[in-house]
Amino acid sequence: DTLARLGGDEFAILAGNLTSDGDAVHLAERLLAALRDPLRLGGLEIAASASIGITFSSLGYSRPEDMLRDADIAMYRAKVDGKARYALFDAQLHTEVARRVRLEADLRVALAEQTLTVAYQPLYHLGSGQLKGFEALVRWQHADLGLISPATFIPIAEESGLICQLTSFVAETACRQLAD
């Protein structure tokens with residue numbers, strides 16, 4: 001087997017001579033179990049964990065970077081599912097990632113063309129029932145996919161670094177509409 005540090009805190013294991021896909025899962029389970037025990041360094045206990053993404057050569061990769069990409073996608077899924085676990089790359093995960101990549105690209109266009117909208121939620125003082133203000137909420141009516149839930153596109157904006165641009169759009173739109 002080959003162990004390599006990819007950068008930062010990311011490592012890859014190229015496991016050879018596995019007799020079945022279950023052997024890779026067993027290896028991941030053994031690694032996670034080994035990491036559960038804290039390390040003792042200079043009188044300190046250091047806890048570590050890992051999120052592991054697994055893909056298989058049986059999927060027919062022709063380029064090593066494609067295999068690494070898919071293992072990385074599976075690792076990201078493991079992190080989303082709660083960290084300190086493993087996830088397997090499969091066709092469903094590929095479809096999910098392709099959809100996310102499309103939504104990120106479409107969100108960039110929507111921000112550039114300012115096709116997002118802002119809706120307002122009134123805020124009331126509970127004691128008096130008096131209107132105190134409004135909360136500005138971003139909405140996205142996608143041309144092909146219809147209304148996209150903020151629960152779907154806000155995490156994409158956060159993960160892709162678009163959240164500041166999205167926040168600025170909402171703040172500027174709300175201020176402009178308030179001034180009007």
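The rules we used
- Counting starts from 1 at the beginning of each chain's written sequence and moves along it residue by residue.
- Side-chain atom pairs in this predicted model are given and counted only at pLDDT of 80 or more, local residue features only at pLDDT of at least 70, and totals for whole chains, interfaces and linings cover all residues.
- Here the side-chain values reflect all heavy atoms present in the structure, with hydrogen atoms and water set aside.
- Note on pairing: DSSP must find at least two bridges between two strands before they are called paired.
- Think of it this way: any DSSP run of H or I at least four residues long counts as a helix, any run of E at least two long counts as a strand, and we number them from the N terminus.
- For helices, the fitted axis covers only the stretch in contact; all axes are lines through C-alpha atoms, and the angles between them, taken along N-to-C directions, range from 0 to 180 degrees.
- Contact criterion: two residues are considered in contact whenever any of their non-hydrogen atoms come within 4.5 Å of each other.
- Here a salt bridge means any side-chain nitrogen of Lys or Arg lying within 4 Å of a carboxyl oxygen belonging to Asp or Glu.
- In this scheme, a residue with accessible area under 20% of its type's maximum is buried, one over 50% is exposed, and one in between is partly exposed, where area comes from a 1.4 Å probe on protein chains only.

### Notes on the sheet that holds strand 9 (residues 146-148)
Ordered by their spatial adjacency, three strands build an open sheet running 7-8-9, and the pairing between neighbours is antiparallel. Either end of the sheet is taken by a strand with one partner, and the two such strands are strand 7 (117-124) and strand 9. The mean inter-strand angle of the sheet, taken between neighbouring strand axes irrespective of direction, is 40°. Across three bridges, strand 8 (residues 131-142) lies against strand 9 in antiparallel orientation. The residue of strand 9 that forms the bridge with Gln141 is Leu147. Running over the sheet, helix 4 (residues 150-160) touches strand 8 and strand 9 and is turned about 85° from strand 8. Along the sheet, helix 5 (residues 163-179) makes contact with strand 7 and strand 8, crossing strand 7 at roughly 70°.

### Notes on the pattern of salt bridges
Close approach of charged atoms lets side chains of opposite charge pair. Within the structure shown, the criterion is met by 12 salt bridges. Notably, a salt bridge pairs Arg40 with Glu45, separated by 2.3 Å at the nearest N-O pair. A relative accessible area of 64% means that Arg40 is categorised as exposed. Take Glu45: its relative accessible area is 48%, and that puts it in the partly exposed class. Close ionic contact of Asp106 with Arg102 constitutes a salt bridge, the shortest N to O distance being 3.2 Å. A residue pair is termed a helical-turn pair when its members lie 3 or 4 positions apart in one helix, as Asp106 and Arg102 do in helix 3 (residues 91-113) at four residues. Salt bridges sharing partners connect three or more residues here, namely Arg63, Glu65, Asp66, Arg69 and Asp70.

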